[in-house]
Amino acid sequence: MVVKRYKGTILVDFRKYWQSPYTGEFYSTDRGLSLFPSSFITLFLSADEIDQKIYEPIFKHHVQLGKDIFCSLARDCYTRNKYVNIRQYIREDEKLQPTIKNGICLKISEWTCLKGYLVEIKNTTPLLSQAIPCPSLSDHNKRVRDEECIICHPFDVEINYFC
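Residues numbered from 1 in each chain as written. Predicted model: local features only at pLDDT ≥ 70, side-chain atom pairs only at ≥ 80, totals over all residues. Heavy atoms only, no water.

1. With respect to the sheet that holds strand β7 (residues 95-107)
Test applied: Note on pairing: DSSP must find at least two bridges between two strands before they are called paired. Strands here are runs of E lasting at least two residues and helices are runs of H or I lasting at least four, both read from the DSSP assignment and numbered beginning at the N terminus. Fitting a line to C-alpha atoms yields each axis, with helices limited to the stretch in contact; the angle taken between N-to-C directions then spans 0 to 180 degrees.
Pairing in this open sheet of four strands is antiparallel, and the strands run β4-β5-β6-β7 from one edge to the other. Every interior strand has two partners, whereas the edge strands, β4 (62-66) and β7, have only one. In this sheet, adjacent strand axes meet at a mean angle of 35 degrees when their direction is disregarded. Direction of pairing for strand β6 (residues 82-92) relative to β7: antiparallel, over a ladder of nine bridges. Looking at β7, one finds that Tyr-83 is bridged to Lys-107.

2. Some words on the packing of helix α1 (residues 37-54) against helix α2 (residues 108-124)
Packed helices, taken two at a time, are described by their axes: the angle between them and the distance between them. Note the following rule: Left-handed describes a crossing whose near helix is turned anticlockwise from the far helix through less than a right angle; right-handed describes the clockwise counterpart. In this analysis, two residues are considered to be in contact whenever any of their non-hydrogen atoms come within 4.5 Å of each other. Under the scheme applied, nonpolar residues are Ala, Val, Leu, Ile, Met, Phe, Trp, Tyr, Cys and Pro; charged residues are Asp, Glu, Lys and Arg; polar residues are all the others, including Gly.
The interhelical angle for the contact between α1 and α2, taken along N-to-C directions, is 145 degrees, at an axis separation of 10 Å. As for the relative orientation of α1 and α2, their crossing is left-handed in sense. Seen from α1, the contacting residues are Phe-40, Ile-41, Leu-43, Phe-44, Ala-47, Ile-50, Asp-51 and Ile-54; seen from α2, they are Ile-108, Trp-111, Lys-115, Leu-118, Val-119, Ile-121 and Lys-122. Of the residues belonging to the contact of α1 with α2, the class tally is 12 nonpolar, no polar and three charged.

3. Observations regarding α2
We apply this condition: In this scheme, a helix's expected span is set at 1.5 Å multiplied by one less than its residue total.
In a regular helix each residue adds 1.5 Å, so 17 residues correspond to 24 Å; α2 covers 25 Å between its end C-alpha atoms and thus fits that length. Along its buried surface, α2 packs onto β1 (2-6), β2 (9-19), α1, β6, β7 and α3 (126-129).

4. As for the pattern of salt bridges
Our working rule: Counted as salt bridges are all cases of a side-chain nitrogen of Lys or Arg within 4 Å of a carboxyl oxygen of Asp or Glu. Only protein chains enter the accessibility calculation, which uses a 1.4 Å probe. A residue is then buried if its area is under 20% of the maximum for its type, exposed if over 50%, and partly exposed in between.
Per the stated rule, a full pass over the model turns up three salt bridges. Taking the shortest distance from any N to any O, the salt bridge between Asp-13 and Arg-15 comes out at 3.3 Å. For Asp-13, a relative accessible area of 7% corresponds to the buried category. Note on Arg-15: relative accessible area 22%, which makes it partly exposed.

5. What about the packing of aromatic side chains?
Given two aromatic rings, one states the distance between the centres and the angle between the planes to describe the pair. Let me state the cut-off plainly: Aromatic contacts are taken between Phe, Tyr and Trp rings whose centres are within 6.5 Å, Trp giving its six-membered ring; a plane angle under 30 degrees counts as stacked, one over 60 as edge-to-face, and the others as tilted.
Tallying each qualifying case throughout the model produces two aromatic pairs. Ring centres of Trp-18 and Tyr-27 lie 5.2 Å apart, and the angle between their planes is 35 degrees; on these two criteria the pair is classed as tilted. Of the residues examined, Trp-18 reaches a relative accessible area of 43% and is grouped as partly exposed. Centre to centre, the rings of Phe-70 and Tyr-89 are 5.3 Å apart; their planes meet at 80 degrees, and the pair counts as edge-to-face. Remark: Tyr-89 occurs in strand β6 and Phe-70 occurs in strand β5 (residues 69-75); sequence separation between them is 19 residues. Both residues of the pair, Phe-70 and Tyr-89, count as buried.

Here it is, written out as structure tokens:
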């Protein structure tokens, strides 16, 4: 997880990395996603709720982090291992379908490790500690032009609508 600035906005970048066998250095892959501060703080605030759902017998839960970005729980049909999936979804035929590359799938041990970093990053990055969840998450899917949300789309300079 890396905190970076892009076009003046803080992003929290979740990526898979690979290690070069020659130099030992780590390099990011194209698999992962970047969260805006509002999506990051929603994940941070939902971490305990997600933890509770992991250990319930009925393993079904999802939290909307931003427009078309969800944190969901998954179980491997063969091994029955549990995973926390943070992924962008695309709309196809009026249904949300997960993308393959835009997201990460974490083992429970990796999720537990990530939770510790969420606290550390929030506390050490002033702009993230002041972030608020997008107030229109509950109706993003109902909005005709949900790209109008300035919190979820801070780079669109044509927008003059504020959530």
